[in-house]
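Listed below, chain by chain, are the residues.
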Amino acid sequence: MRIGIIGAGSIGSTIGKLWIDAGHDVRFASRHPDDLQPLVARLGPHASAGMPADAAKFGEVVMIAVPLRAVPDLAREIGSALAGKVLLDTNYAYPRRDGDIGDDAKRHPGGSSAWAAARFPGARWVKAFNSVYYKTLSNEAHRKGDQLGIPLAGDDKDALDTAARLVRHAGFDPVPVGALARGRDFEPDTPLYNTGMSGSELRKRV
């Protein structure tokens, strides 16, 4: 599968590597794609780099892994290119980082992902990979026994199924919790955030 990842920081590069290891083609995106060449060289021929618009066009699935404060500008720049595509949202509202945008998103009745999804009409939005520290993702992928659980929330069943498949390919146990608004249940300051729970443990809590 071709996957575009917009934002190649800790989460984007960690998950991207796991997908490349599973045989997917990944295009990482930044406004300064030349800065991503060391990452691309390290990850091999299934990795490439470009601008956000390049990743949006390239990916059958696109993951957004940028701070929430960057979402409105990103939506204006590439929102139309993502219509109809499965979009994985790794974000959460953090007002200390995101300022007034973070406050607005945190107050949204559907949570920060519903706030963000409203800016990308037609995108098939799934909240994923936002609740676990990137070092835990790196260290615990494909562990034996009860795998690390990754909660998912979305309103599109087929998009959720695609997200779940990619979670498995990355080496984790997908735990769909329901509609996109349920993403509020695994944001910061909730019992499910950054706990490192296994999939079976998560299922008992959602």
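Teacher, can you tell me more about the pattern of salt bridges here?
Here the idea is simple: oppositely charged side chains can pair when their charged atoms come close. Following the criterion strictly, the structure yields 13 salt bridges and no others. A salt bridge links E60 to R2, with the shortest nitrogen-to-oxygen separation between them at 3.8 Å. Here E60, found in the loop between α3 (52–58) and β4 (61–64), pairs with R2, found in strand β1 (residues 2–6); they are 58 residues apart in sequence, far enough to count as distant. Looking at R2, the relative accessible area reads 38%, which means it is partly exposed.

Sorry, what's going on with the packing of aromatic side chains here?
Given two aromatic rings, their pairing is described by the distance between the two centres and the angle made by the two planes. Here the structure, examined in full by the defined rule, presents five aromatic pairs. Taking the centre distance of 5.7 Å and the plane angle of 70° together, the rings of Y92 and Y193 count as edge-to-face. Placement of Y92 in the loop between β5 (86–89) and α5 (95–107) and of Y193 in the loop between β8 (173–178) and α9 (199–205) is noted, with a sequence separation of 101 residues between them. Overall, Y193 belongs to the partly exposed group, its relative accessible area being 22%. Between Y133 and Y134 the ring centres are 5.0 Å apart and the planes differ by 65°, which places this aromatic pair in the edge-to-face class. Judged by its relative accessible area of 41%, Y133 falls in the partly exposed class. Among the aromatic residues, those joined into a ring-pair cluster are W19, F129 and F172. Lying over the aromatic face of F58, R2 brings its terminal NZ or CZ to 5.9 Å of the ring centre.

Explain the pairing of β8 to me, please; I cannot follow it from the model alone.
Side-chain direction in a regular strand flips from residue to residue, so the side chains alternate between the two faces of the sheet. Two strands pair when backbone bridges link them, and strand β7 (residues 149–154) and β8 are joined in this way by five bridges, in the parallel orientation. Looking at β8, one finds that G149 is bridged to D173.

Would you mind going over the side chain of K85 with me for this structure?
The residue K85 is located in the loop between α4 (71–78) and β5 in this model. One buried charged side chain, K85, makes no salt bridge at all; its nearest oppositely charged neighbour is E60, positioned 8.8 Å away. At 3.2 Å, the side chain of K85 and the backbone oxygen of K57 are in polar contact. Setting aside residues up to four positions removed in sequence, K85 forms contacts with A56, K57, G59, E60, V62, G122, A123 and R124.

I'm lost on the sheet that holds strand β3 (residues 47–50) in this one. Help?
In a beta sheet, neighbouring strands pair by backbone hydrogen bonds and run either parallel or antiparallel. A sheet is described by the order of its strands in space; here eight strands give the open sequence β3-β2-β1-β4-β5-β6-β7-β8, paired in mixed fashion. If you trace the sheet from one side to the other, it starts and ends with β3 and β8, each paired once. Going across the sheet, the axis of each strand differs from the next one's by a mean of 25°, ignoring polarity. Note that strand β6 (residues 124–127) and β7 share two bridges and pair antiparallel. Its bridge partner lying in β7, K127 is registered against A153. Together, β1, β4, β5, β6, β7 and β8 form the strand contacts of helix α8 (residues 157–170), whose direction differs from that of β7 by roughly 165°.

Basis of the calculations
Residues numbered from 1 in each chain as written. Predicted model: local features only at pLDDT ≥ 70, side-chain atom pairs only at ≥ 80, totals over all residues. Heavy atoms only, no water. Salt bridge = Lys/Arg side-chain N within 4 Å of Asp/Glu carboxyl O. Helix = DSSP H or I, 4+ residues; strand = E, 2+ residues; numbered from the N terminus. Buried < 20%, exposed > 50% of the residue type's maximum accessible area, 1.4 Å probe, protein only. Phe/Tyr/Trp six-rings, centres within 6.5 Å; stacked < 30°, edge-to-face > 60°. Lys NZ or Arg CZ within 6 Å of the ring centre and 35° of its normal. Pairing = 2+ DSSP bridges. Lys, Arg positive; Asp, Glu negative; His and termini not counted. Polar contact = N/O pair within 3.5 Å; in protein donor to acceptor, adjacent residues only side chain to side chain. Contact = heavy atoms within 4.5 Å. Axes fitted to C-alpha atoms, helices over the stretch in contact; angles between N-to-C directions.

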